[in-house]
Amino acid sequence: MNRMQYFFVSLIFVLLFTSTESVLTTYKKSLLNELQSTEAAQLSAKAVALQSVINRNFNLMVSLEAFVSADYLQDKSEQEVHAYIEALYAGSQASALNVVIAPHGVMKFVYPPKGNEDIINWDLLHDPRENVQTQVYQALQSKKMTTDGPFMLLQGVQGLVARKALFQDGVFWGFVSVAINMDKLLIEAGIKDGASEEPRMAIRSPGIPAFYGENTTFFQSPLIAVIDLQDTKWELAATSPANAVKTVNNQMLIIRCAILLVLFLGLFFIIYIIRQRDRLSQAVNERTQELQIANEDLTAANEELIAGQQELQESTKRMQDSEQMLSYMAYHDVLTGIHNRAHFQMMLKEQITYNQVRGTSLVVLFFDLDNFKMINDSHGHHMGDYMLQKVVQRVQQSHLVFHTFARFGGDEFAILLENCSSEREIQAFCEQLIAVLKPPCILANRSFFINASIGIVQYPYGGETWEALLKNADIAMYMAKKESGSSYSFFTQHMEMLSISKLEMENHLRQSLDRKELEIVYQPQVDCMKGAITGVEALLRWNHTTKGYISPSDFIPVAEEIGLIDAIGEWVLRGACRQMNAWHRQTDEQLMISVNISVKQLHDERFVDKVIAILEETGLEARYLEMEITENVAMQDKQMGVLNRLRQLGISISVDDFGTHYSSLSYLKRFPVTKIKLDQSFVRGIQTDDKDRAMIKAIISVANAFQLQMIAEGVETEEQADFLVANGCHHIQGYYFYKPMKPAQLQAILKEELHEKLAFLGAKSVHNYDI
């Protein structure tokens, strides 16, 4: 393909692309113009509706004025006046918040009375609100109807008020007024629908920020409609929906991409045809030369084929040998030489089928070695492998009669028995198996005793499929291990009702410390007034080797139930103290470390002695250690002695989750508590729940009254932090500042500046959370 061909093809492509782009641009403009016209019509309709609702409510003023001006209420009882206002209000079908007649400026006649109790007999001439005084003054001066709003009414809602001063023989007589609830006004006009998303419209008085919607709407080239309010005006602005504009842009993008794709495909197809023609001509010439050369090589290739045939025969023999080896390895255990899981499953399937036909008995034994991991950890895996080989040798060299013996992996084995129908025979076999394994095994000049926990399942009572039999045998084995170890257990239907996951969790949790699956992460605690990290909380995490991270709320109760919480809690306390002492040596920051304590630990008579030993071992001073106890634990008298001894050492005591249980101020006074930790359930409700905000203020007041430190946990937003600091809680812990992190990560952020996160302290908060 020469240069001239390339030039003409490129020219055609450019012309097609340019003309297409011009058409698309014109089409896009027409779509946007149509969208803007539609939005303008909607805005006009909203403005007319809003003007109509306002006028309908303010027209009540004319009737009120006429009624009063007729004889200025002379010879009219209060019941007659109230009856007239009620009839006027009902007959006009208005939605006003109230209509008022205020002789001498005192709002004596108010309808409806319900919801307006706070304004009855209210003296407008002495109203302390500056905007009300301004409107009263304008009404007196102009003697016309004046409007004010929106502003916060005495009834506790945002409202718009129309007011007119009446004069009798040139002397001020009083006021008539109409108030409208702004939320109901906007809803009735169809501008506000109560949906959760932000409004697309905004309303303002000229030169004043918007009182509804976003003020930025007036700076985005909006469409504007004007609402006439007698002595003032409102501007109603709206912008085109972002999703509609986005839809037009996406539509044009799709069309443009489709056209470009067609043009490129056409260009590619033309170039491809031209190049293929050139290549075909070149290939014919090259092929002719290759055929000549191939003819010369044909004779030499024939000789190579003869040699290759001989090599192929040798390769075939080697492949057959490899297949035999692979077939052996597929059904045998490499370490011990006995059958593996795959072979056992195959045999079990065959025996189930055979049993169904002949009616013979079938029993599966599943066992593993107790404390086998200790051998691997203390003497290495090669010694563990040697012990597994010794187990297999003893079983094979014994006089035990079985159908199949297989290793499932690790220290787990399975045995298949036939013609063993009675439980007594099965028990005898298991006892003989335990006796065969009982003699000590000599490893590294030390004697190790082999104990096995055996699970037993009978077909068909323990399952009718091979999967069910193996699963239930595994459950029975875990039950035997849980009870005592070096024993056997028959599978029962009761076992099936137990949670397998709980059994596995208990077993794995017992080994979690040895497997180094437990870890400690640290979450910083920030003093907002100092703008610095003043402490960290040590948090326990379990990173399971197969299941990943397991929630502490799941495994901590299990640890308490099986009696591991003392060992785990001691491990956490030692690790946290050691880490904090290391930070003290490496940095100038003398931080506090906070550690959660279980009620089980407080029941331990040696707990305080253990704490003293850990502090001496790690070198951490007691004044830098804080122990967190949950409120229901702290409120028990039997912990008084332990907590007092801890305080005498200089250790701080923090009440975690304060306010979520049965709080008692008398207990809080008597117990040696130094800090209250506000539960995150209250913090979450700061932006939405009046009761939560009131509860937080009450708890802060309690802390101040008892001269206790206060910290809030679970703070995730700036609004939450702003509210807490503004109400006297300066210590904060939560994702808004930092997530829990590993030691290396925390050390890197100790000197990190917090100006950006604490920016709300430098500006007046715009969040009002009245209760």
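Note that the structure is predicted; figures quoted are calculated from it, not measured.

### Focus: the packing of helix H7 (residues 341–358) against helix H11 (residues 466–483)
Helix-helix packing is characterised by the crossing angle of the two axes and by the distance between the axes. The contact between H7 and H11 brings their axes to 9 Å, and the two run at 120 degrees. On the basis of their axis angle, the class for H7 and H11 is oblique. Remark: the crossing between H7 and H11 carries right-handed chirality. Here Phe-344, Gln-345, Leu-348, Lys-349 and Ile-352 of H7 lie close against H11, whose contacting residues are Trp-466, Leu-469 and Leu-470.

### A short note on unusual backbone geometry
Of note, the amide linkage connecting Tyr-111 to Pro-112 takes the cis form, showing an omega dihedral of 0 degrees. Here Pro-112 is to be found in the loop between strand S2 (109–111) and helix H4 (130–142). Following Tyr-459, the chain continues into Pro-460 via a peptide bond in cis, with omega recorded as 0 degrees. Residue position: Pro-460 is located in the loop between strand S15 (452–459) and H11. The phi angle at Tyr-72 is positive, at roughly 50 degrees, despite the residue not being glycine. With respect to the helices and strands, the residue Tyr-72 is situated in the loop between helix H2 (60–71) and helix H3 (78–92).

### Comments concerning a nonpolar patch on the surface
A cluster of nonpolar side chains, contributed by Met-4, Phe-7, Phe-8, Leu-11 and Leu-15, occupies part of the molecular surface with about 530 Å² of accessible area. Structurally, Leu-15 can be placed in helix H1 (residues 3–58).

### Describing the layout of surface pockets
Sizing a probe to match a water molecule and rolling it over the atoms shows the empty space that remains. Quantified by volume, the largest pocket comes out at close to 1,100 Å³. Lining the largest pocket are 37 residues; nearest its centre among them are Glu-537, Leu-539, Pro-552, Asn-596 and Asp-656. Taken together, the elements giving at least two residues each to the lining of the largest pocket come down to strand S18 (532–544), helix H14 (552–561), helix H15 (565–586), helix H16 (599–602), strand S21 (625–630), helix H18 (631–634) and strand S22 (652–658). Counted by class, the lining of the largest pocket contains 15 nonpolar, 13 polar and 9 charged residues.

### Observations regarding H11
For H11, which comprises 18 residues, the first-to-last C-alpha distance of 26 Å matches the rise-based estimate of 26 Å (1.5 Å per residue) to within 8%. Summarising burial for H11: 13 of the 18 residues are buried, a large majority.

### A closer look at empty space enclosed by the protein
On inspection of all chains with the given rule, the structure shows 2 cavities of 30 Å³ or more. Roughly 150 Å³ of internal volume is contained in the largest cavity. What lines the largest cavity is a set of 17 residues, among which Met-107, Arg-129, Leu-153, Val-161 and Arg-163 lie closest to the centre. Contributing elements (two or more residues each) for the lining of the largest cavity: strand S1 (98–103), H4, strand S4 (158–168) and strand S5 (171–181). With 3 residues, S5 is the single largest residue contributor to the lining of the largest cavity. Residue composition of the lining of the largest cavity, grouped by class: 11 nonpolar, 4 polar and 2 charged.

### Structural notes on the packing of aromatic side chains
Counted by the stated rule, this structure contains 15 aromatic pairs. Look at Tyr-522 and Trp-583: their rings are 5.2 Å apart centre to centre, the planes differ by 75 degrees, and that puts the pair in the edge-to-face class. One end of the pair, Tyr-522, is in strand S17 (residues 518–527); the other, Trp-583, is in helix H15, with 61 residues separating them in the sequence. Overall, the relative accessible area of 3% leaves Tyr-522 in the buried class. Every member of this aromatic cluster is reached through a ring pair, and the members are Phe-367, Phe-402, Phe-405 and Phe-413. Directly above the ring of Phe-167 sits Lys-143, whose terminal nitrogen or CZ lies 4.7 Å from the centroid.

### So, helix H22 (residues 690–705)
Between its terminal C-alpha atoms H22 stretches 23 Å, which fits the 22 Å expected from 16 residues at 1.5 Å a residue. Of all the positions in H22, only Asp-692, Arg-693, Ile-696, Ile-699, Ile-700, Val-702 and Ala-703 are classed as buried. The N-cap of H22, judged by a side-chain oxygen 2.8 Å from the amide nitrogen of Lys-691 a few residues on, is Asp-689. In the segment just after H22, Gln-707 is the residue with positive phi, at about 55 degrees.

### Quick notes on the sheet that holds strand S6 (residues 201–204)
Ordered in space as S6-S8-S7, the 3 strands form an open sheet in which the pairing is antiparallel. Looking at strand neighbours, the two that pair on one side only are S6 and strand S7 (223–229), the edges of this open sheet. The average undirected angle you get between the axes of adjacent strands in this sheet is 20 degrees. For S7 and strand S8 (residues 232–238), the ladder comprises 7 bridges, and the chain directions are antiparallel. Across the sheet, the residue bridging to Asp-228 is Lys-233, located in S8.

### A short note on the nonpolar core
Among soluble globular proteins, nonpolar side chains are generally buried collectively. By size, the foremost hydrophobic cluster in this structure holds 83 residues, and its most contacted members are Ile-593, Leu-625 and Leu-646. A total of 8 residues in this core trace back to one element, the largest contributor, which is H15. Not counting residues within four places of it along the chain, the set of residues in contact with Ile-593 comprises Tyr-522, Val-536, Ala-538, Ala-576, Met-580, Leu-620, Tyr-624, Leu-625 and Glu-626.

Each value, and the rule that gives it
Residues numbered from 1 in each chain as written. Predicted model: local features only at pLDDT ≥ 70, side-chain atom pairs only at ≥ 80, totals over all residues. Heavy atoms only, no water. Axes fitted to C-alpha atoms, helices over the stretch in contact; angles between N-to-C directions. Helix = DSSP H or I, 4+ residues; strand = E, 2+ residues; numbered from the N terminus. Parallel < 35°, antiparallel > 145°, perpendicular 65-115°, else oblique. Left-handed = near helix turned anticlockwise from the far one by under 90°. Contact = heavy atoms within 4.5 Å. Patch = residues over 30% accessible without salt bridge, like charges linked within 9 Å, V, L, I, M, F, W, Y side chains within 5 Å. Areas by Shrake-Rupley, 256 points an atom, 1.4 Å probe, with all protein chains shown as cover. Salt bridge = Lys/Arg side-chain N within 4 Å of Asp/Glu carboxyl O. 1 Å grid on protein atoms, 1.4 Å probe; cavity = no way out; pocket = protein on both sides within 12 Å on 5 of 7 lines; lining within 4 Å. Points joined across faces, edges and corners; volume = space filled by probe spheres on them. Nonpolar A, V, L, I, M, F, W, Y, C, P; charged D, E, K, R; others polar. Expected span 1.5 Å × (residues − 1). Buried < 20%, exposed > 50% of the residue type's maximum accessible area, 1.4 Å probe, protein only. Phe/Tyr/Trp six-rings, centres within 6.5 Å; stacked < 30°, edge-to-face > 60°. Lys NZ or Arg CZ within 6 Å of the ring centre and 35° of its normal. Polar contact = N/O pair within 3.5 Å; in protein donor to acceptor, adjacent residues only side chain to side chain. Pairing = 2+ DSSP bridges. Core = buried A, V, L, I, M, F, W, Y, C linked by side-chain atoms within 4.5 Å.

Read these as layout, nothing more, since geometry by itself doesn't imply function.
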